[in-house]
Amino acid sequence: MKAAFERSGGTILQGADIDEYLWRARQMGASNVGGLTDNAKQVLLPTNPSRSAVFEEFIHTAQNRTGKVNRLIEQFGNAEAERLLEIEAAEKLIRNRGPWGLPNDEVRAAIDHLRRLRGQAGQ
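Residues numbered from 1 in each chain as written. Predicted model: local features only at pLDDT ≥ 70, side-chain atom pairs only at ≥ 80, totals over all residues. Heavy atoms only, no water.

Trainee: Any details on the nonpolar core? Residues and values, ideally.
Mentor: Counting residues in each nonpolar core, the largest one holds seven residues, listed as Phe55, Ile59, Ala89, Leu93, Trp100, Leu102 and Val107. Mapped onto this core, the elements with two or more residues apiece are α3 (51-65) and α5 (78-95). Apart from residues no more than four positions distant in its own chain, Leu93 is found in contact with Ser52, Phe55, Glu56, Ile59, Trp100 and Leu102. (Core = buried A, V, L, I, M, F, W, Y, C linked by side-chain atoms within 4.5 Å. Buried < 20%, exposed > 50% of the residue type's maximum accessible area, 1.4 Å probe, protein only. Helix = DSSP H or I, 4+ residues; strand = E, 2+ residues; numbered from the N terminus. Contact = heavy atoms within 4.5 Å.)

What follows is the structure in structure tokens.
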């Protein structure tokens, strides 16, 4: 997946500095940070990402590529757009857990994250 993403012009940033950046994002309150997607072509992943973290960030690159991110931001604002995009990503992870070979603990974490996100509606 990484090679295909890079062949299509994508960049995956990893290393000690990215690990530190992601750690700081979690400390500042970012929930469920297994990686970050800057846009359709750049992903930040920890040195040893979980399988679901990799798939989730690629889901977010597709959301950027199709214009969904911008449409939702325009319609709902940043916070609600982010929540809706995270819901979509969690649902896709859960739905594709078998074909993508996601471990049970990562699926359970995605289900818990989805429940939290759904509980935040309208906040």
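Trainee: Give a detailed account of helix α6 (residues 104-119), specifying residues and quantitative values.
Mentor: Residues three or four positions apart in an α-helix share a direction because the helix packs 3.6 residues into each turn. For α6, with 16 residues, the first-to-last C-alpha span of 23 Å sits near the 22 Å given by 1.5 Å per residue. Taken residue by residue, α6 has Glu106, Val107, Ala110, His113, Leu114 and Leu117 as its buried positions. Take α6 and look down its axis: the buried residues cluster within an arc of 120°, on one side only. Residues of α6 that are exposed and point over 90 degrees away from its buried face: Asn104, Arg108, Arg115 and Gly119. In the core, the buried residues of α6 are packed alongside α3 and α5. (Expected span 1.5 Å × (residues − 1). Arc of directions from axis to C-beta.)

Trainee: Explain α3 to me, and be specific about the residues and the numbers.
Mentor: Counted at 1.5 Å a residue, the expected span for α3 with its 15 residues is 21 Å, and the 21 Å between its end C-alpha atoms agrees. With 11 of 15 residues buried, α3 lies mostly within the body of the structure. Among all positions in α3, only Ser52, Ala53, Val54, Phe55, Glu56, Glu57, Phe58, Ile59, His60, Thr61 and Gln63 are buried. Just beyond α3, the residue with positive phi is Gly67, at close to 85°.

Trainee: Residue-level account of the pattern of salt bridges, with values.
Mentor: Per the stated rule, a full pass over the model turns up five salt bridges. For Arg83, the salt bridge goes to Glu80, with nearest N and O atoms at 2.8 Å. One end of the pair, Arg83, and the other, Glu80, are both in helix α5, three residues apart, so they sit about a helical turn from each other. The closest approach of N and O atoms between Asp112 and Arg115, which form a salt bridge, is 3.9 Å. Highlighted residues: Asp112 and Arg115, both in helix α6, separated by three residues, approximately one helical turn. (Salt bridge = Lys/Arg side-chain N within 4 Å of Asp/Glu carboxyl O.)

Trainee: Could you give an account of the environment of Arg65, naming the residues involved and the relevant values?
Mentor: Structurally, the position occupied by Arg65 is in helix α3. Remark: the alpha-carbon pair of Arg65 and Lys41, spanning 24 residues in sequence, is separated by 8.3 Å.

Trainee: Go over the sheet that holds strand β2 (residues 36-39), please, and point to the residues and values.
Mentor: Read across the open sheet, the three strands follow the order β1-β3-β2; overall the sheet is mixed. Single-partner strands in this sheet number two, and they are β1 (11-13) and β2. When the angles between neighbouring strand axes are averaged without regard to direction, this sheet yields 20°. Taken together, the three bridges between β2 and strand β3 (residues 42-44) define a ladder with antiparallel strand orientation. What sits directly across from Leu36, in β3, is Leu44. Most of the contacts of helix α2 (residues 16-27) go to β3, to which it runs at about 75°, and overall it touches β1, β2 and β3. (Pairing = 2+ DSSP bridges. Axes fitted to C-alpha atoms, helices over the stretch in contact; angles between N-to-C directions.)

Trainee: Lay out the packing of aromatic side chains in plain terms, naming residues and giving numbers.
Mentor: Enumeration according to the criterion identifies two aromatic pairs in this entry. Judged by centre distance (4.9 Å) and plane angle (50°), the rings of Phe5 and Phe58 are tilted. Of this pair, Phe5 sits in helix α1 (residues 2-7) while Phe58 sits in helix α3; the two residues are 53 residues apart in sequence, bridging distant segments of the chain. Given a relative accessible area of 9%, Phe5 falls into the buried group. Judged by centre distance (4.3 Å) and plane angle (0°), the ring pair of Phe55 and Trp100 falls under stacked. With Phe55 in helix α3 and Trp100 in the loop between α5 and α6, this pair connects stretches of sequence that are 45 residues apart. (Phe/Tyr/Trp six-rings, centres within 6.5 Å; stacked < 30°, edge-to-face > 60°.)

This is a description of form; function is not addressed.
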